[in-house]
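# Descriptive analysis of the structure
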Amino acid sequence: MLAAVKMAKHHPDAKWVYEKVSREIPNISLGTVYRALAALSAEGLIREYRRADGPSLYDPNTEDHFHIRCRSCGRIEDVPPVQLPDDMLESIRRASEFARVDQVRLEFGGICSACAEKTRE
Ligand SMILES: [Zn+2]
Ligand SMILES: [Zn+2]
């Protein structure tokens, strides 16, 4: 199960993992896959990526990183590490009046190159 998620180049949902794994374990149920993915997330081996508009995705990359999402086809990719302004967290902390701000979760949006190509035709 872990291998299936780690192998995925994208951020698969449970259905994708289920289809992959059921080729090797034909009797496995979707519920089992959900439970295994939840357990792997709890152990920190993968990350659950909750979406407002669809099922959770599972991310093999457990480092802090940003995502970019295509508005057209919905694919989500990792953004290579970029340097954020050093004072960003401090600005957010001041604006929010939080005691402490130490996490960032950002999602960028746009149109992927494959979709851009399609609309050009
Ligand atoms: Zn796209
Ligand atoms: Zn990711």
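Residues numbered from 1 in each chain as written. Chains lettered and ligands numbered in written order. Predicted model: local features only at pLDDT ≥ 70, side-chain atom pairs only at ≥ 80, totals over all residues. Heavy atoms only, no water.

Bringing the overall build of the protein chain into the picture now. Per the secondary structure count, the protein chain includes 5 helices and 5 strands. When the elements of the protein chain are put in sequence order from the N terminus, they spell out α-α-α-β-β-β-β-α-β-α. Expressed along its principal axes, the backbone C-alpha trace of the protein chain runs to roughly 55 × 45 × 25 Å. Within the protein chain, the proportion of its 121 residues that are buried is 26%. For the protein chain, long-range pairs separated by at least 24 residues make up 43% of all intrachain contacts whose partners lie at least 6 apart in sequence. Here the protein chain has roughly 8,700 Å² of accessible surface; of this, 52% comes from carbon and sulfur atoms. (Helix = DSSP H or I, 4+ residues; strand = E, 2+ residues; numbered from the N terminus. Buried < 20%, exposed > 50% of the residue type's maximum accessible area, 1.4 Å probe, protein only. Contact = heavy atoms within 4.5 Å. Areas by Shrake-Rupley, 256 points an atom, 1.4 Å probe, with all protein chains shown as cover.)

A separate point is the coordination of the zinc ion (ligand 2). Coordination of the zinc ion (ligand 2) by the protein involves His11 (NE2), Asp59 (OD), His65 (NE2), His67 (NE2) and Asp78 (OD), with metal-donor separations of 2.0 to 2.2 Å. Each donor residue of the zinc ion (ligand 2) belongs to the same chain, with the gaps between them written as H-x47-D-x5-H-x1-H-x10-D. Residue His11 is located in the loop between α1 (2-7) and α2 (14-21), and its partner His65 is located in the loop between β2 (57-59) and β3 (66-70); the two are separated by 54 residues in the primary sequence. (Donors = N, O, S within 2.8 Å, 3.2 Å for Na, K, Ca; no water.)

Taken together, the protein donors to the zinc ion (ligand 1) comprise Cys70 (SG), Cys73 (SG), Cys112 (SG) and Cys115 (SG), at separations of 2.3 to 2.4 Å. For the zinc ion (ligand 1), the 4 donor atoms in the first shell make angles of 105 to 116° at the metal, so the coordination geometry reads as tetrahedral. (Tetrahedral: all angles 85-135°; square planar, octahedral: opposite > 155°, others 65-115°.)

Across the protein chain, the average pLDDT comes to 89, with 99% of residues at 70 or higher. Within the protein chain, the element-level pLDDT minimum falls on α1, averaging 84, and the maximum on helix α3 (residues 30-42), averaging 95. (pLDDT = per-residue confidence, 0-100.)

Okay, the sheet that holds strand β5 (residues 107-110) next. Two modes of strand pairing occur in sheets, parallel and antiparallel, and in both the strands are linked by backbone hydrogen bonds. Sheet architecture is open: 3 strands sit in the order β4-β3-β5, paired in mixed fashion. Looking at strand neighbours, the two that pair on one side only are β4 (76-79) and β5, the edges of this open sheet. Between one strand axis and the next, the sheet turns through 30° on average, direction left out of account. Of the strand pairs in this sheet, β3 and β4 are connected by 4 bridges, and their pairing is antiparallel. In the sheet register, Phe66 faces β4, and the bridge partner there is Val79. (Pairing = 2+ DSSP bridges. Axes fitted to C-alpha atoms, helices over the stretch in contact; angles between N-to-C directions.)

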